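# Summary of structural features
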Amino acid sequence: MSDTYYITTPIYYVNDMPHIGHIYTTVMADIFARYHRLCGDRVRFLTGTDEHGQKIQKAAQAQGIEPLALADKVVARYHHLWEILNISHDDFIRTTDARHQQGVSEIIRRITAAGDIYKGEYEGWYCAGAEAFVPDSQVRDGKDLETGYPVERLSEPSYFFKLSTFQDRLLAWYRANPDCIQPKTRYNEVLRFVEGGLKDLSISRASLSWGVPFPDDPEHVVYVWLDALTNYISALGFGSDDDTLYGEHWPASMHLVGKDILRFHCVYWPAFLMSAGLPLPRQIFGHGWWLRDEAKMSKSLGNVVRPDYLVDRFGTDAVRYFLARDMTFGQDASFSDEAFLERFNADLANSLGNVSSRTLAMVRRNLDGKVPASTSDGPVPEAAQTAVTAFREAMDRNAPHRALEATWRLLATIDGFIQERQPWAVARKGDEARKELESILYSCLEGLRIASLLIEPIIPSTAAKLRAQLGATDLPVNLADGVTWGLMGEGHKVGESEPLFPRIDIKAYLKELQSGQETEKAKAKKERTPEDEMITIDDFSKVQLKVGIVREAERVPKSKKLMKIMVDVGEGEPRQLVAGIAAQYEAESLIGRRIVVIANLQPAKLMGVESRGMLLAATGEDGAPFLLSPDGEVDPGAQVR
Ligand code: ME8
């Protein structure tokens, strides 16, 4: 009987385009899904998008489009990324799917029937960036201390979930299932948080329209996290007429998430499920954070790693390998181009690439391209079995980076064996040493075939390519009978071979990258969305705009455009300003005219003439300025807001 294995990723917000952090979770989930398929389990792998809530509504508004249109755009991008990254998900759920909304209504009906929902008034802070209700103690200077996002004050009717009554049940669940939250440090964090006491949770929003309508009260939409978390069961048909998949796959084996959303998954979600009388997930794994060269990735810094560039340049498997190998699963890691390139050359081009190309070249040259008779020469057969065991053991305890180390130890053993036995020298001895040569090369070929099964979940295309080169495409691809030593049949022809990973010239590439990054930074600046461009009222109030009356005006000598003017802005002494209006305005026509001036601009010199402020003008089609004036005789110095 095979086991079932249901793994999920977070469903991603559609307010922005994905970066390497988003693809990380999905690539890792894909690795686990593929690993379990290789073990013969019945796997279901779900990913999708979280499309409701204030954050998406705001982002869509800023772009002047409907939220669903924004979602469609970003969803297309995710589909493209999952395709180029060779992600093998079985389903992609969108929270705007009808099937999902049915599931949300059903879970709320069950929670209501359990008596865990009541109506009240929410008075407090809301952080749209994290879509979270934030306690007063966590707010300073208008910001959520935990996420750094701005908060706003809400005061509205709301449905509440009696989360406070779940403290003991949650603690009992954690204690009875010490592996339910991983890694251990995160388990401890969650436990401490819940031990500190829980407050009831607002689960509806009355002031928002972009969401799932609250069952039996269309004045409210469902709070986006209750909506989003339910995707894990609505995608299996929970709440719909056909819930066969739900019966087969729930509870989930693993919710893989980033550490930022642990509380939603480890506290709210199990409490909702308990209330609804549904089984709880087996495990929630909160992985670490990818930083860029030790700094947080952010669009405004222009340091976001965009995955398609790396895939384009180095291929899907290089990216998948790096993500799985370079981050200790569970901890933070820093992405740097140098580390990526060094890993590429050392592990992929050298280790894997060289060992296989040398072996195959010798088989082609000396054995007529045919697999010799099965033997178990040297340390490779044992190393292969050790690697299989260590690989499985590491994957089963959520340590894919260790599983890769075990695989690369096998490659190192094959490499060492080649160095030691020097098959090229044996070949030179001619017929008398043919048996010895065959025996050495068989061990290498078979060791490589078993390695190809271990790399299968991580770099599946390379694994298949390697098996094709070894001529082993008709042998079982699994981690049961497939890893038995000696399956490669005598006389079988090895396939065509080309380098799996051609070496990169790191210096040349870094140079190329630098110029690329400059363009990227410039692009990031250009590509700022309307939402990025938004400022707060505080930002605006930093600009002191005042009405001024022009007292004197004269052209700046030798300049076609610049006019020097003396403006009374209610400070007693007039101020000197230099403005680029001389091509359109005569000096005399300006005298006595009311204009609008930025009074707190840092002084600057234009063609050697000091300017202490700037006047406001609209720009015509050909760039010509049109002066702005107040609509009436306001006093100089009057504030403009
Ligand atoms: O939180 N390093 O969606 P989201 C590693 N819609 N992982 C990262 C990362 C980084 N720098 N940046 C993002 C949401 N991630 C909700 C989830 S689930 C019911 C609802 C990954 O688009 C990581 O998995 O903000 C993180 O948890 C997730 O993207 C957040 O994606």
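Computed from a predicted structure; not experimentally measured. For every chain, the first residue of its written sequence is number 1, and the numbers climb from 1 along that sequence. It should be noted that, the model being predicted, local features are given only for residues of pLDDT at least 70 and side-chain atom pairs only at 80 or more, the latter also being counted only at that level, while totals for whole chains, interfaces and linings use all residues. By convention in this description, side-chain values take in all heavy atoms of the structure and omit both hydrogens and water.

## Let's talk about the overall build of the protein chain
Put simply, DSSP marks the helices as runs of H or I at least four residues long and the strands as runs of E at least two long, and each gets a number from the N terminus on. Across its full length, the protein chain carries 21 helices and 27 strands. The globule rule used here is 2.2 Å times the number of residues to the 0.38 power, and the radius of gyration it is set against is calculated over C-alpha atoms. Since a compact globule built from 641 residues should have a radius of gyration of about 26 Å, the 32 Å found for the protein chain marks it as more spread out than a globular shape. The 641 residues of the protein chain split such that 53% are buried. Within the protein chain, contacts between residues separated by at least 24 positions form 74% of all contacts whose residues are at least 6 apart in sequence. Entry remark: accessible area of the protein chain is about 29000 Å², with carbon and sulfur atoms responsible for 49%. Charge counting treats Lys and Arg as positive and Asp and Glu as negative, with His and both chain ends excluded. The location of each charge is read from NZ of Lys, CZ of Arg, CG of Asp or CD of Glu. A distance of 4 Å separates the average location of the 74 positive side-chain charges in the protein chain from that of its 90 negative side-chain charges. Summary of the burial criterion: residues with accessible area below 20% of their type's maximum are buried, those above 50% are exposed, and those between are partly exposed, where the area comes from a 1.4 Å probe applied to protein chains only. In what follows, a contact means two residues having at least one pair of non-hydrogen atoms within 4.5 Å. Note on areas: Shrake-Rupley with a 1.4 Å probe; residue coverage comes only from the protein chains shown.

## Here we look at the sheet that holds strand E11 (residues 204-205)
Paired strands, in this sense, are two strands between which DSSP finds at least two bridges. The antiparallel open sheet is built from 3 strands, whose spatial order is E11-E13-E12. Each edge of the open sheet is held by one strand with a lone partner, namely E11 and strand E12 (213-214).

## What about the sheet that holds strand E3 (residues 91-94)?
Strand order in the open sheet formed by 6 strands is E3-E2-E1-E14-E15-E9, with parallel pairing between adjacent strands. Both edges of this open sheet fall to E3 and strand E9 (181-182), since each of them pairs with a single strand only. Here strand E14 (residues 254-258) runs beside strand E15 (residues 284-287); their pairing, made up of 4 bridges, is parallel. The partner of Gly258 across the bridge, within E15, is His287. Of the strands in this sheet, E9, E14 and E15 are in contact with helix H10 (residues 262-276), which crosses E14 at around 140 degrees. Here, axes are lines fitted to C-alpha atoms. For helices the fit covers the stretch in contact, and angles between N-to-C directions go from 0 to 180 degrees.

## As for empty space enclosed by the protein
Points on a 1 Å grid, built from protein atoms alone, make a cavity when a 1.4 Å probe fits but cannot get out and make a pocket when they are open with protein on both sides within 12 Å along at least 5 of 7 lines; residues with an atom within 4 Å of a point are the lining residues. Grid points are joined across faces, edges and corners, and a volume is the space filled by probe spheres set on the points. Under the criterion given, the structure shown has 3 cavities of 30 Å³ or more. Looking at the largest cavity, its volume works out to about 50 Å³. Along the walls of the largest cavity sit Gly53, Gln54, Tyr126, Glu131, Arg205, Leu208, Trp210, Val222, Tyr223 and Val224, which together make up its complete lining. When residues are sorted by character, Ala, Val, Leu, Ile, Met, Phe, Trp, Tyr, Cys and Pro go into the nonpolar class, Asp, Glu, Lys and Arg into the charged class, and all the rest, Gly among them, into the polar class. The class makeup of the residues in the lining of the largest cavity is 6 nonpolar, 2 polar and 2 charged.

## Side note on unusual backbone geometry
The amide bond that connects Gln182 to the next residue, Pro183, takes the cis arrangement and shows omega of -10 degrees. Tracing the chain through its elements places Pro183 in the loop between E9 and helix H6 (184-195). You will see that Asp141, though not glycine, has its phi angle at about 50 degrees, which is positive. Here Asp141 shows up in the loop between strand E6 (139-140) and strand E7 (143-144). The class for Asp141 is exposed, based on a relative accessible area of 74%.

## A short note on the site of the ligand
In the vicinity of the ligand lie 22 residues, with Ile11, Thr25, Asp50, Asp260 and Trp290 positioned nearest. Side-chain polar atom of Asp260 to an oxygen atom of the ligand: 2.8 Å apart, as the coordinates give it. A distance of 2.8 Å separates a nitrogen atom of the ligand from a polar atom in the backbone of Trp290. Elements represented by at least two residues in the shell around the ligand include exactly strand E1 (4-13), helix H1 (20-38), helix H7 (224-229) and helix H8 (231-234). Per-element accounting of the shell around the ligand gives the leading share, 4 residues, to E1. Classifying every residue of the shell around the ligand gives 11 nonpolar, 9 polar and 2 charged. Here, proximity means that at least one heavy atom of the residue falls within 4 Å of the molecule or strand. Between N or O atoms, a polar contact is any pair within 3.5 Å; within protein, one atom must be a potential hydrogen donor and the other a potential acceptor, and residues adjacent in sequence are included only when both atoms are from side chains.

## Here we look at the environment of Glu393
Relative to the helices and strands, Glu393 is located in helix H14 (residues 380-396). Distance in space between the C-alpha atoms of Glu393 and Pro574 is 80 Å, their sequence separation being 181 residues.

## Observations regarding the environment of Phe32
Assignment of secondary structure puts Phe32 in helix H1. For Phe32, a relative accessible area of 1% corresponds to the buried category. Here the alpha-carbon distance between Phe32 and Tyr6, two residues 26 residues apart in the chain, equals 10.0 Å. Setting aside residues up to four positions removed in sequence, Phe32 forms contacts with Tyr5, Ile7, Phe329, Met395, Asn398 and Pro400.

## A closer look at the pattern of salt bridges
A side-chain nitrogen of Lys or Arg and a carboxyl oxygen of Asp or Glu constitute a salt bridge if their distance falls within 4 Å. For the structure on display, the rule yields 34 salt bridges. Asp90 is the partner of Arg37 in a salt bridge, and the nearest nitrogen-oxygen pair spans 3.7 Å. Taken as a pair, Arg37 in helix H1 and Asp90 in the loop between helix H3 (67-84) and E3 lie far apart in primary sequence, 53 residues in all. By relative accessible area, Asp90 is classed as partly exposed at 36%. For Glu195, the salt bridge goes to Arg175, with nearest N and O atoms at 2.7 Å. Of this pair, Glu195 sits in helix H6 while Arg175 sits in helix H5 (residues 167-176), and the two are 20 residues apart along the sequence. For Glu195, a relative accessible area of 40% corresponds to the partly exposed category. One salt-bridge network, held together by shared partners, links Arg44, Asp91, Asp97 and Arg99.

## Quick notes on the nonpolar core
In this text, buried Ala, Val, Leu, Ile, Met, Phe, Trp, Tyr and Cys residues form a nonpolar core when linked through side-chain atoms within 4.5 Å. Membership of the largest hydrophobic core comes to 182 residues, with the highest contact counts inside it found for Ile107, Tyr174, Ile203, Tyr223, Trp250 and Phe272. When residues of this core are assigned to domains, at least three map to each of domain 1 (4-287) and domain 2 (316-483). Setting aside residues up to four positions removed in sequence, Tyr223 forms contacts with Tyr126, Glu131, Ala132, Phe133, Leu201, Ser202, Ile203, Ser204 and Phe264. Where each domain starts and ends comes from a domain assignment, either automatic or drawn from a database.

## Remarks on the domain arrangement of the protein chain
Examined at the domain level, the protein chain breaks down into domain 1 (4-287), domain 2 (316-483) and domain 3 (538-627). If you average the C-alpha positions of domain 1 and of domain 3, the two centres end up 54 Å apart.

## Points about a nonpolar patch on the surface
On the surface, a cluster of nonpolar side chains totalling about 320 Å² of accessible area is made up of Ile535, Ile537 and Phe540. Topologically, Phe540 is positioned in helix H20 (residues 537-541). Take Phe540: its relative accessible area is 33%, and that puts it in the partly exposed class. What goes into a patch is any residue over 30% in relative accessible area without a salt bridge, connected to like charges within 9 Å or, for nonpolar side chains (Val, Leu, Ile, Met, Phe, Trp, Tyr), within 5 Å.

## Regarding the state of the cysteines
The term disulfide refers to a covalent linkage connecting the sulfur atoms of a pair of cysteines. Disulfide: a pair of cysteine sulfur atoms within 2.5 Å of each other. Tallied over the entire structure, the rule returns 0 disulfides. Just so you know, Cys127 is unpaired, no disulfide at all, and the nearest cysteine sulfur is the one on Cys266, 19 Å from it. Taking the relative accessible area as the measure of exposure, Cys127 reaches 0% and is therefore buried.

## Describing the packing of aromatic side chains
Under the pairing criterion, centres of Phe, Tyr and Trp rings, with the six-membered ring standing for Trp, must be within 6.5 Å; the plane angle then separates stacked pairs below 30 degrees from edge-to-face pairs above 60, leaving the rest tilted. Under the criterion given, the structure shown has 32 aromatic pairs. Here Phe322 and Phe335 contribute two aromatic rings whose centre-to-centre distance is 5.4 Å and whose plane-to-plane angle is 75 degrees, an arrangement assigned as edge-to-face. Here the residue Phe322 occupies a position in helix H12 (residues 316-326), and Phe335 occupies one in strand E17 (residues 333-335), the gap between them amounting to 13 residues. The buried category is assigned to Phe322, whose relative accessible area is 1%. Taken together, the aromatic side chains of Tyr24, Trp290, Phe314, Phe322, Phe335, Phe340, Phe344, Phe501 and Tyr509 make up a single cluster linked through ring pairs. Remark: a charge is flagged as sitting over a ring if the NZ atom of Lys or the CZ atom of Arg is within 6 Å of the ring centre and within 35 degrees of the ring normal. Residue placement shows Arg153 over the ring face of Trp125; its charged tip is 4.8 Å from the ring centre. It is Arg205 that lies over the ring of Tyr126; its NZ or CZ is 4.4 Å from the centre.

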